[in-house]
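# Coordinates in review
Each chain, letter by letter, is given below.
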Amino acid sequence: MVNYVIKRSVYGLIVLLIMISFVFIVMRLVPGDVVALQLSGAGAVSEEQIAQLRSELGLDKSVWAQFLDWTKNAVTGDLGKSLWSKMPVTTLIAERITVTLQLAFMAITMAILIAIPAGIYSAMKRNTWIDHMIRVIAIGGLSIPNFWFALLLIIFLSLFFGWIPPLGYQSFFSNPIVNLQQMILPALVLALSLSASIVRMTRSSLLEVLHADFIRTIRAKGAKEKLVIMKHALRNSLIPVITLIGLQVGFLLGGTVIIESIFSLPGIGSLIFEGVTKRDYPVVQATVLVYGALFMIVNLIVDIAYGWIDPRMRPD
Amino acid sequence: MNPAPQINPGLPNTSIKQLSTKRIRLRKSLDETKRFIKTQKIGVISLSIIMLFILLAAFAPLIAPYDPIEQDRSAFMLAPTAAHIMGTDDLGRDIFSRIIFGARVSLLVGIATVAISMICGTILGVISGYFGKVIDMAIQRVMDAIMAIPPLILALFIAALLGPAIKNVIIALTIVNIPHFARITRGEMLRIKEMNYVEASRSAGSGALRIIAKHGIPNMMAPIIVIASLTFGQSIIAEASLSFLGIGTPPPNPSWGLMLSGASSYMENAPWMVLFPGLVLSIAVLAFNLLGDALRDFLDPKLN
């Protein structure tokens, strides 16, 4: 098991390295650079000033040399400083990652709590009107863009209940009630599309297992239907569902960018967005790295969860 | 009137044979279409909705009652009336007309993204699956790297770097979607490569290109078509998301995402500005998702 985790982590690091070199190089090759942006407000600028700022920001070296420097520092945990605010990037990310993590965690929890029971129910009541309704809602949930749903929710709540979520962000530990008021809507919006795909997968996977021979044997022995599903079928149908949740975390993290911007939440979604438009290279590199690492860790957890659900899948 | 062409009784044997195989093929695809219409009612409905969108986009100037870009200062944020069935926006532009022209942007992005990523992804996947070894390793690691970043984040990164333009949205979304096609076609190629008929073809002297073109790609069309339909819907949402964030379609072009972005400042005063573009966007995506589901049921019930 430990060997397996190490192997996967090494492999993940290689993938992250390819990804970060792509981001690093592309950002510096594409027209529009940070020096021009920073000096754009200053009126007439001499060549000297440009050269000076360039060396101040460490951009006078070759891209290759910059990349080597950055990698060397990154290994020791130093991800550089923002080219604009001069704050260490790690501090910037640490300030904001709790928002995104809380949002993602709440969304996943809500999605699982809604979707798995709905999927089981849908499979048990196969081809009844309630099954059809759940399936229609699920495919609708997949098709409705989450930012539109967010806007509709805000309009609906303010027109009919006169309630608007408090703007901005307060940490859960300083003011849990305001925090939850601020986070519940964005999390719900993200949970919607997430649960749509989980419902579909739970239903189809459970139905497939219910056709298996061992289920027929258990039924033949006279087990109650509830016991058949809860104890035997569900456990065997969860593998594809968990795989899907792991993959969907990528969509979820992408979705946080747009949802954070609608609800003005200061998460890493808004950080990368500002970073790219201002060409703040170290900020973008670090945020992409964080996103990649999060995604990788989630999928590693998913792989470990396989073995926990189904002992046959434990790696030797 | 021209006399009807006579079938020449002295036609050489081979061309009669060719004609009949062609006819059989045509007959077969007609039968398949009939079977689709018969078994996949929802698929047919969603296909008609998609056709409707294509017609709207193609004949936008004829259908739209107003100019989508021209501002009318006497008609700010009007609620839906007979003159403006979906109301007007904050600059006095007719929302219905903007939605019709917006279909052009969405479909253009969808078609271009799906076509380019399908071709590139399939080529990469087939090469990866057929040749294996180092080539496979290299291609798969690059695909893994692309997939290691959440798709919208990567699209946002590329689109924001390149600047707001429809062309750049297409580039960004294409890069994001290539791995989906590459992964599925690689798996299919690995499977097909081991088939007896490929072995037979190889021993008869077929080269890699011939095997891929003659046996590989025709036998993996089912999953490719399903993924293409689902990718289409996702690309439309992604275009709208990028435009919503201000890094997609540049204003004043009518794009559904851009319209929603403008509307978000006037949500309480003019809810129709939010309602209609989002509704049309959702219907379009729903149609592609349902079509994808129907195609999956129809072409390969095992795929899921």
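This is a predicted model, so every value here is computed, not measured.

### As for the UniProt feature "transmembrane region" (unreviewed entry) in chain B
- When the UniProt feature table is mapped onto this chain, "transmembrane region" (unreviewed entry) is found at residues 42-64, 107-130, 142-162, 224-250 and 270-292 of chain B.
- Counting secondary structure, residues 224-250 of chain B comes out at 78% helix and 0% strand; the distance between its end C-alpha atoms is 32 Å.

### Quick look at helix α8 (residues 196-203) of chain B
- Counting buried positions along α8(B) gives zero out of eight residues, so the element sits mostly on the surface.
- Residue G205(B) follows α8(B) closely and has a positive phi angle near 105 degrees.

### Points about the environment of I95(B)
Residues and elements named next belong to chain B.
- Turning to its location among the elements, I95 is positioned in helix α4 (residues 95-131).
- Spatially, the C-alpha atoms of I95 and P277 are 8.0 Å apart, while their sequence positions differ by 182 residues.
- If near-sequence neighbours (up to four positions away) are discounted, I95 is found in contact with M86, G87, T88, D89, W272, M273 and F276.

### Notes on the interface of chain B and chain A
- Of the residues lining the interface, 35 residues belong to chain B; the matching set on chain A comes to 43 residues.
- Within the residue set of the side of chain B that touches chain A, elements represented by two or more residues are α5 (133-148), α6 (151-162), α10 (221-244) and α12 (271-299) of chain B.
- Ranked by residue count, the leading element in the side of chain B that touches chain A is α12(B), at nine residues.
- Grouping the amino acids of the side of chain B that touches chain A by side-chain chemistry returns 25 nonpolar, seven polar and three charged.

### Overview of the packing of helix α1 (residues 2-29) of chain A against helix α4 (residues 63-75) of chain A
Residue and element names in this part refer to chain A.
- α4 packs onto α1 with a crossing angle of 140 degrees between their chain directions and a minimal axis gap of 11 Å. As summarised for this structure, α1 and α4 are arranged oblique, according to the angle between their axes. Crossing of α1 against α4: the hand is right-handed. The segment α1 lies against α4, with S21, F24, I25 and R28 engaging V63, F67 and W70.
- Along the lines of polarity and charge, the residues of the contact of α1 with α4 split into five nonpolar, one polar and one charged.

### So, the UniProt feature "domain: ABC transmembrane type-1" (unreviewed entry) in chain B
- UniProt feature "domain: ABC transmembrane type-1" (unreviewed entry): in the numbering of this structure it lies at residues 103-292 of chain B.
- Helix makes up 82% of residues 103-292 of chain B and strand makes up 0%, while its end C-alpha atoms are separated by 20 Å.

### What to know about the UniProt feature "transmembrane region" (unreviewed entry) in chain A
All names here are of chain A.
- Under the local residue numbering, the UniProt record ascribes the feature "transmembrane region" (unreviewed entry) to residues 12-30, 103-124, 136-163, 183-201, 238-263 and 283-309.
- Taken end to end, residues 136-163 comprises 86% helix and 0% strand; its first and last C-alpha atoms sit 29 Å apart.
- Split by type, residues 238-263 is 96% helix and 0% strand. Its first and last C-alpha atoms lie 33 Å apart.

### Observations regarding the nonpolar core
- The biggest cluster of nonpolar side chains holds 137 residues, and the ones touching the most others in it are A107(A), I153(B), A155(B), L156(B), F157(B) and L260(B).
- A per-element tally of this core places α12(B) first, with 14 residues.
- Here this core gathers at least three residues from each of two domains, domain 1 (2-75) and domain 2 (97-313) of chain A.
- Those residues in contact with A107(A) that lie beyond four places of it in its chain are A187(A), L190(A), A191(A), L194(A) and L252(A).
- Grouped together as the second largest cluster of nonpolar side chains are seven residues, M189(B), I192(B), I211(B) and M220(B) included.

### Let's talk about the environment of F157(B)
- Among the structural elements, F157(B) can be located in helix α6.
- A tally of 26 C-beta atoms within 10 Å means that F157(B) is categorised as buried.
- The residues contacting F157(B), other than those within four sequence positions of it, are V23(A), V276(A) and V288(A).

### Describing the domain arrangement of chain A
Residue and element names in this part refer to chain A.
- We note that the domain assignment places domain 1 (2-75) and domain 2 (97-313) within chain A.
- Taken over C-alpha atoms, the centre of domain 1 sits 34 Å from the centre of domain 2.
- Residue-level contacts link 14 residues of domain 1 with 13 residues of domain 2.
- Elements with a contribution of two residues or more to the side of domain 1 that touches domain 2: α1 and α2 (34-39).
- By residue number, the principal contributor to the side of domain 1 that touches domain 2 is α1, which donates nine residues.
- The class makeup of the residues in the side of domain 1 that touches domain 2 is 10 nonpolar, two polar and two charged.

Reading the values: rules and limits
Residues numbered from 1 in each chain as written. Chains lettered and ligands numbered in written order. Predicted model: local features only at pLDDT ≥ 70, side-chain atom pairs only at ≥ 80, totals over all residues. UniProt positions renumbered as here; feature names shortened; annotations may be inferred. Helix = DSSP H or I, 4+ residues; strand = E, 2+ residues; numbered from the N terminus. Buried ≥ 20, exposed ≤ 12 C-beta atoms within 10 Å, placed from the backbone. Contact = placed C-beta atoms within 7 Å. Nonpolar A, V, L, I, M, F, W, Y, C, P; charged D, E, K, R; others polar. Axes fitted to C-alpha atoms, helices over the stretch in contact; angles between N-to-C directions. Parallel < 35°, antiparallel > 145°, perpendicular 65-115°, else oblique. Left-handed = near helix turned anticlockwise from the far one by under 90°. Core = buried A, V, L, I, M, F, W, Y, C linked by C-beta atoms within 7 Å. Domains from an automatic or database assignment.

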